[in-house]
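Descriptive analysis of the structure
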Amino acid sequence: VQLQASGGGLVQVGGSLRLSCAASGGAFSSYVMGWFRQAPGKDREFVAGISWSGGTPYYGDSVKGRFTISRDNARNTVYLQMNSLKLEDTAVYYCAADLLDFTVAHVKYWGQGTKVTVSS
C-alpha cells in the first residue's frame, strides 16, 4: 500500500488547511484510516481516525472540535480538514492505513508526511 499525503503548507493562526491522502495498491475501503503528527522534538501522536465505512470518526483531545476527518472510498482518499489552527498544530502530518488501534505501534502502513506550519 502506498499513501501520498498532500495539502500541507504555511498558514496563520486561526486559519484552515485541508490535507489529503491518496492510497493505492491495497484494499482501501476495508482499512481503518488515520492521521498522526509529529512536532519537532516530540513523539508522533494520534490526530484522527475513521472507520472503513466513514461512519465513526475518532479524534485526539487536542484537535476535537477543530479538525474533521473524512474519506471517499470511491477515490481511495482520506481527508483532514483543519480549522482554527494553533501554533501547537505545527508538525509533520502522516497519513496511516490499516490501523489496529490508534497507537503508533499498531499502524500497518505510513505515508511520507506533509508539513504544516502555523505562524503568528
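Report on the accompanying structure. (Residues numbered from 1 in each chain as written. Predicted model: local features only at pLDDT ≥ 70, side-chain atom pairs only at ≥ 80, totals over all residues. Heavy atoms only, no water.)

**Description of the sheet that holds strand 1 (residues 2–6)**
An order of 1-3-8-7 is seen for the four strands of this open sheet, with the pairing classed as antiparallel. Two strands lie at the open edges of the sheet, namely strand 1 and strand 7 (67–72), each paired on one side alone. Across the sheet, the mean angle from the axis of one strand to that of its neighbour is 15°, orientation sign disregarded. As defined by bridge partners, strand 7 adjoins strand 8 (residues 77–82) across six bridges and the pair is classed as antiparallel. By the bridge assignment, Thr68 is partnered in strand 8 with Gln81. (Pairing = 2+ DSSP bridges. Helix = DSSP H or I, 4+ residues; strand = E, 2+ residues; numbered from the N terminus. Axes fitted to C-alpha atoms, helices over the stretch in contact; angles between N-to-C directions.)

**Thoughts on the nonpolar core**
If you look at the biggest cluster of nonpolar residues, it comprises 28 residues, and the most contacted ones within it are Met33, Trp35, Val78, Leu80, Met82 and Tyr93. Where this core is concerned, the elements lending two or more residues are strand 1, strand 3 (17–24), strand 4 (33–38), strand 5 (45–50), strand 7, strand 8, strand 9 (91–99) and strand 11 (114–119). Among all residues touching Leu80, those that are not within four sequence positions of it are Leu17, Arg18, Leu19, Trp35, Val47, Ala48, Phe67, Thr68, Ile69 and Tyr93. One finds Phe36, Phe46, Ala96 and Leu99 within the second-largest nonpolar core, a separate group that totals five residues. (Core = buried A, V, L, I, M, F, W, Y, C linked by side-chain atoms within 4.5 Å. Buried < 20%, exposed > 50% of the residue type's maximum accessible area, 1.4 Å probe, protein only. Contact = heavy atoms within 4.5 Å.)

**Remarks on the packing of aromatic side chains**
Under the definition given, this model contains six aromatic pairs. Measuring from ring centre to ring centre gives 5.1 Å for Phe36 and Trp110, while their planes differ by 70°; the resulting arrangement is edge-to-face. Remark: Trp110 occurs in strand 10 (residues 107–110) and Phe36 occurs in strand 4; sequence separation between them is 74 residues. For Phe36, a relative accessible area of 0% corresponds to the buried category. Relative accessible area serves as the criterion here: at 28%, Trp110 is assigned to the partly exposed category. Where Tyr58 meets Phe102, the ring centres are 4.9 Å apart and the plane angle is 45°; that geometry is what we call tilted. With Tyr58 in strand 6 (residues 57–59) and Phe102 in the loop between strand 9 and strand 10, the pair connects residues that are 44 residues apart, well separated along the chain. The class for Tyr58 is partly exposed, based on a relative accessible area of 37%. (Phe/Tyr/Trp six-rings, centres within 6.5 Å; stacked < 30°, edge-to-face > 60°.)

**Some details on the environment of Leu17**
Relative to the elements of secondary structure, Leu17 occurs in strand 3. Looking at Leu17, the relative accessible area reads 16%, which means it is buried. Sequence separation of Leu17 and Glu45 is 28 residues, and the distance between their C-alpha atoms is 19 Å.

**What about the state of the cysteines?**
A complete count under the given rule lists one disulfide for this structure. Here Cys21 engages in a disulfide with Cys95; their sulfurs sit 2.1 Å apart. The sign of the -80° torsion about the S-S bond sets the Cys21-Cys95 disulfide as left-handed. Of the two residues, Cys21 is situated in strand 3 and Cys95 in strand 9; the sequence distance between them amounts to 74 residues. (Disulfide = S-S within 2.5 Å.)

So, to be careful, I would describe these as geometric facts and stop short of saying anything about function.
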